[in-house]
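Residue-level listing of the chains:
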Amino acid sequence: MSAAREPSRFAALRAELGGSSDAVRFARAPGRVNLIGDHTDYQDGFCLPIAIDRDVLVGFRARADGRVCVRSLDLDASVELPTTAAVAPWARVVAVTLDVLAARTGRAIAGFDAAVTSTVPIGAGLSSSAAFEVALLLVAATIAGVTLPPLDLALAAQEIEQRASGVPCGVMDQVASVSGRRDHALLLDCRSLTVTPVAIPAHLGVLVVHSGVERRLVGSAYAERRAACEAAAARLGVAALRDATIEQVADDPIARHVVSENARVEAFVVALAAGRADDAGALMLASHRSLRDDFAVSTPELDRLVELSVEAGALGARLTGAGFGGCVVALTARDELGRVASEVSERYRTETGREPSAFAVSAVDGAGLVAAS
Ligand code: GLA
């Protein structure tokens, strides 16, 4: 999102809400990209996401009649509760958000009008839905006069995602959106739920390349993988695969991915802090191989994008998020970002006939109320 377009986003939301624009406030929640550590969060493991400069922005204003009206500028659709049946997925998120907030705070929902716009691509594995849930929770909580501590906000958003989509997701996406820190990745320990900011060296750049293939089968396959991990942990008699050793899971590819991935996250953080960017890149490639061969969540398009990124000079690359389509994330020298992006895009387009989209991302602060710019 270029800074130049920011004022027009605020203006568009204000215009949509009409009336006295003085009373309009704004909440923002970023999407995320995960540098390393996928399919570890629901096994109490480690991951290393960054909150990115793509976000959901909501303009909102209290209304006196207790109704909640949310309009999506991007989808050109509205939901009004309790009147409309919340059938569309995004409308379900609105309805479930209000339920979850009321249940967690013990307070009745106060009415508001809201207008929403997003720069997080949908279906890309960049957590557009987590950003929407977090932004909406902030709005509903602010209107109700409640302040949710960051961890409660993330856990409430995770509950919304699980209930609205039926996918038994972990907590990585929501914590990343809430706890983002400018110029830092977030080392998330999914057992203690502690977040340790990890500086991203200024000479490194993070590139996201969308394969042009939306994520497929993500709901059912995700639930199957999660169930397989739970079964493996139960067989081993451990609370979660976080507690298993690599020897214990040597013959079980699914569990082996989780255990080896946790080790790679920790090694990646050490490599980054020691200025060993090449080692960090190699760990990303090992992570991709593990997600492809052991955990079986890659696609031919994602595999090819990883190879092309390396051939173009990236230090490392891997699929990011749940897999089954969506994006790869690549680590490059910052001054190589533009060249790597165009070389990868060009070759991918020629080879596959698909239109990729490659963009640099930077790490931003987490969700909150913001002043109009
Ligand atoms: C999705 C889920 C997360 C996490 C990733 C895979 O993004 O929402 O909780 O499990 O997949 O790492």
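Data block above holds the structure.
Residues numbered from 1 in each chain as written. Predicted model: local features only at pLDDT ≥ 70, side-chain atom pairs only at ≥ 80, totals over all residues. Heavy atoms only, no water.

**Regarding the packing of aromatic side chains**
Part 1 of the reasoning: According to the stated counting rule, one finds three aromatic pairs in the structure shown.
Part 2 of the reasoning: Ring geometry for Phe10 and Phe26: centres 4.7 Å apart, planes at 80°, overall edge-to-face. Taken together, the positions of Phe10 in helix α1 (residues 6-17) and Phe26 in strand β1 (residues 25-34) put the pair 16 residues apart, joining distant regions of the chain. Comparing Phe10 with Phe26, the two get one shared label, buried.
Part 3 of the reasoning: With centroids separated by 5.4 Å and ring planes inclined at 70°, the aromatic side chains of Tyr42 and Tyr222 adopt a geometry described as edge-to-face. Placement of Tyr42 in the loop between β1 and β2 (46-47) and of Tyr222 in helix α6 (residues 218-236) is noted, with a sequence separation of 180 residues between them.
Part 4 of the reasoning: On the basis of relative accessibility, which here comes to 8%, the residue Tyr222 falls in the buried class.
Part 5 of the reasoning: Above the ring of Phe359, the side-chain terminus of Arg54 is found at 4.0 Å from the ring centroid. (Phe/Tyr/Trp six-rings, centres within 6.5 Å; stacked < 30°, edge-to-face > 60°. Helix = DSSP H or I, 4+ residues; strand = E, 2+ residues; numbered from the N terminus. Buried < 20%, exposed > 50% of the residue type's maximum accessible area, 1.4 Å probe, protein only. Lys NZ or Arg CZ within 6 Å of the ring centre and 35° of its normal.)

**Focus: the site of the ligand**
Part 1 of the reasoning: Taken together, Arg32, Asp38, His39, Asp41, Tyr42, Cys169, Gly170, Met172, Asp173, Tyr222, Gly321 and Ala322 make up the full set of residues adjacent to the ligand.
Part 2 of the reasoning: Asp41 places a polar side-chain atom, nitrogen or oxygen, 2.5 Å from an oxygen atom of the ligand.
Part 3 of the reasoning: A distance of 2.9 Å separates an oxygen atom of the ligand from a polar atom in the backbone of Gly170.
Part 4 of the reasoning: When the ligand is considered free in solution it has 300 Å² of accessible area, and contact with the protein chains removes 93% of it.
Part 5 of the reasoning: Counted by class, the shell around the ligand contains five nonpolar, three polar and four charged residues. (Near = heavy atom within 4 Å. Polar contact = N/O pair within 3.5 Å; in protein donor to acceptor, adjacent residues only side chain to side chain. Areas by Shrake-Rupley, 256 points an atom, 1.4 Å probe, with all protein chains shown as cover. Nonpolar A, V, L, I, M, F, W, Y, C, P; charged D, E, K, R; others polar.)

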